[in-house]
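# Remarks on the overall topology
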Amino acid sequence: MTALPRFGAGLWHFASYVDRYAVDGYAQPRTTLEQIALAGSVGDLSVVDLNYPFTPGVTLDEVKDALKDADLEAIGITPEIYLRRFGKGAFTNPDPAVRSAALDLMHEAAGVVRELGADYVKIWPGQDGWDYPFQVNHHDVWKLAKDGMKELAGNHPDLKFVIEYKPREPRVKMLWDSAPRTILGIQEIGLDNIGVLLDFGHSLYGGESPADAAQLLIDHGLLWGMDVNDNLRGWDDDLVVGTVHLTEIFEFFYTLRINGWEGVWQLDQFPFREDTVDAARTSIRLLKALHHALDTLDIAALREAQERQDAMAAQRLVQDALLSSMGGAR
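Presented here is a report on the structure given in the accompanying data block. (Residues numbered from 1 in each chain as written. Predicted model: local features only at pLDDT ≥ 70, side-chain atom pairs only at ≥ 80, totals over all residues. Heavy atoms only, no water.)

Helices and strands together make up the secondary structure of the protein chain, namely 11 helices and 10 strands. For 330 residues, the compact-globule estimate of 2.2 N^0.38 gives 20 Å, and the C-alpha radius of gyration of the protein chain, at 20 Å, lies within 12% of that figure. In terms of overall dimensions, the protein chain has C-alpha extents of about 60 × 45 × 40 Å along its principal axes. With 330 residues in all, the protein chain has 52% of them scored as buried. Considering only contacts in the protein chain between residues 6 or more positions apart, those separated by 24 or more positions represent 78%. Carbon and sulfur atoms make up 51% of the accessible area of the protein chain, which totals about 15200 Å². The averaged location of the 50 negative side-chain charges in the protein chain is 2 Å from the averaged location of its 30 positive side-chain charges. (Helix = DSSP H or I, 4+ residues; strand = E, 2+ residues; numbered from the N terminus. Rg over C-alpha atoms; globule rule 2.2 N^0.38 Å. Buried < 20%, exposed > 50% of the residue type's maximum accessible area, 1.4 Å probe, protein only. Contact = heavy atoms within 4.5 Å. Areas by Shrake-Rupley, 256 points an atom, 1.4 Å probe, with all protein chains shown as cover. Lys, Arg positive; Asp, Glu negative; His and termini not counted. Charge placed at Lys NZ, Arg CZ, Asp CG, Glu CD.)

In structure tokens:
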């Protein structure tokens, strides 16, 4: 039996949410400190990824104290470069002043990473892209996206930066939209402190196989983090992990296992109507079962089946491992 991995979560998992219908929210707003306390109550979480800036009035010292009280550490800081003022882009905004403001915010986030001893600055450029044909000059916006990342990471060579790609939302088409394009962009930037955070759900609804995308990133030395969740493949639903695509999430973790990838198993979920702590515990229960299933999976037999491309033999082995492990989930 291999040791359990560390489990983490995006702190937004414990926030309250609004949408374009329930604009009054599904729960009362929660401060960064309240979210940290809820994350700490889960019991199996070791690390959290925090949005930056923190909620109004919350200081860095208060966050440090709250993390300590909750027995949590920061794994990443995610600057909010996707809010209204960056609606036409952060790195790619047509207004140079807005681009500068976005970079200032990301530089601040880098300082918070140092203060908290986190692993990376996570860049999710959700507004960098376009909505209509002919809206942008494709050469120019892609250059702005790469040049902005180069300026940011180049000013902090001691830190790691991870790009979380996604095909769309909030922009109809995002620039950093897939594993191959993100690899290409990083290679063109040419800095060794930029990697990728693979979001399982983004990969799914972008039409990728998450296991294949993970292998591609590993082969290029760029899989520096990952988030797990689930969706119905048509949107970034951020459902509880394993509730829809159980076999594919198992293949994803199998790919990580056979490559010796030992990072944090991190949740990126939005339980709009569910109790956030219960959703996290349910997710980790499943992740523990998947970890156990990897221990019981006959990998040698699976490799032999794969050599023959024997789909049914492979499925039987996977089913045996999954079904025998689920009964022991806690």
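Text resumes after the structure shown.
The subject of this paragraph is the pattern of salt bridges. The full count for this structure, using the stated rule, is 14 salt bridges. Salt-bridge contacts for Lys 64 lead to Glu 115; the nearest nitrogen and oxygen are separated by 2.9 Å. Of this pair, Lys 64 sits in helix 2 (residues 60–69) while Glu 115 is found in helix 3 (residues 96–116), placing the two residues 51 residues apart along the sequence. With its nearest N and O atoms 3.2 Å apart, the salt bridge here joins Glu 164 to Lys 122. (Salt bridge = Lys/Arg side-chain N within 4 Å of Asp/Glu carboxyl O.)

What follows deals with helix 8 (residues 246–258). An ideal rise of 1.5 Å per residue puts 18 Å on 13 residues; helix 8 measures up with 18 Å between its terminal C-alpha atoms. Looking only at helix 8, the buried set comprises Ile 249, Phe 250, Phe 252, Phe 253, Tyr 254, Thr 255 and Leu 256. Once helix 8 ends, the next one or two residues include Gly 260, with phi positive near 70°. (Expected span 1.5 Å × (residues − 1).)

Before going further, it helps to examine a negative patch on the surface. A cluster of acidic side chains, namely Asp 61, Glu 62, Asp 65 and Asp 69, defines a negative patch on the protein surface. Structurally, the position occupied by Asp 69 is in helix 2. (Patch = residues over 30% accessible without salt bridge, like charges linked within 9 Å, V, L, I, M, F, W, Y side chains within 5 Å.)

All right, on to the nonpolar core then. Core analysis: the largest hydrophobic core is formed by 97 residues, its most contacted members being Met 149, Val 228, Phe 252 and Phe 253. When residues in this core are grouped by element, the largest group, 10 residues, is from helix 3. Setting aside chain neighbours within four positions, we find Phe 252 in contact with Leu 198, Phe 200, Pro 210, Ala 211, Ala 214, Met 226 and Val 228. (Core = buried A, V, L, I, M, F, W, Y, C linked by side-chain atoms within 4.5 Å.)

What follows deals with the packing of aromatic side chains. For the structure on display, the rule yields 12 aromatic pairs. With 5.3 Å between their ring centres and 55° between their planes, Tyr 17 and Phe 270 make a pair best called tilted. With Tyr 17 in the loop between strand 1 (7–10) and helix 1 (32–42) and Phe 270 in the loop between strand 10 (265–267) and helix 9 (276–296), this residue pair connects regions lying 253 residues apart in the sequence. A relative accessible area of 6% places Tyr 17 in the buried class. A network of ring pairs unites the aromatic residues Phe 7, Phe 200, Phe 252, Phe 253 and Trp 265 as a single cluster. Directly above the aromatic system of Trp 224 lies the positively charged group of Lys 160, at a separation of 5.4 Å from the ring centroid. (Phe/Tyr/Trp six-rings, centres within 6.5 Å; stacked < 30°, edge-to-face > 60°. Lys NZ or Arg CZ within 6 Å of the ring centre and 35° of its normal.)

Okay, the side chain of Thr 276 next. Along the chain, Thr 276 turns up in helix 9. Of the residues examined, Thr 276 reaches a relative accessible area of 6% and is grouped as buried. Once residues lying within four places of it in the same chain are set aside, the contact partners of Thr 276 are His 13, Phe 14, Ala 15, Tyr 17, Arg 30, Leu 38 and Pro 271.

This brings us to unusual backbone geometry. For the bond running from Tyr 52 to Pro 53, omega is 5°, close enough to zero to count as cis. If you trace the backbone, Pro 53 turns up in the loop between strand 2 (45–52) and helix 2. With an omega dihedral of 10°, the bond running from Glu 169 to Pro 170 counts as a cis peptide bond. Mapped onto the secondary structure, Pro 170 falls in the loop between strand 6 (160–164) and strand 7 (173–174). With phi around 50°, Gln 309 is a residue other than glycine that occupies positive phi space. With respect to the helices, strands and loops of the structure, Gln 309 is situated in the loop between helix 10 (299–307) and helix 11 (311–326).

Attention now goes to a nonpolar patch on the surface. A surface patch of nonpolar side chains, amounting to about 250 Å² of accessible area, comprises Leu 232, Leu 239 and Val 244. For Leu 239, the position within the fold is in the loop between strand 9 (223–228) and helix 8. Classification of Leu 239 as partly exposed rests on a relative accessible area of 31%.

A few words on the packing of helix 3 against helix 4 (residues 138–154). Axis separation between helix 3 and helix 4 bottoms out at 11 Å; the angle between their running directions is 35°. Helix 4 is crossed by helix 3, and the crossing has right-handed handedness. Residues Arg 99, Leu 103, Met 106 and His 107 of helix 3 lie in contact with helix 4, whose contacting residues are Leu 144, Gly 148, Glu 151 and Leu 152. When its residues are assigned to classes, the contact of helix 3 with helix 4 shows four nonpolar, two polar and two charged. (Axes fitted to C-alpha atoms, helices over the stretch in contact; angles between N-to-C directions. Left-handed = near helix turned anticlockwise from the far one by under 90°. Nonpolar A, V, L, I, M, F, W, Y, C, P; charged D, E, K, R; others polar.)

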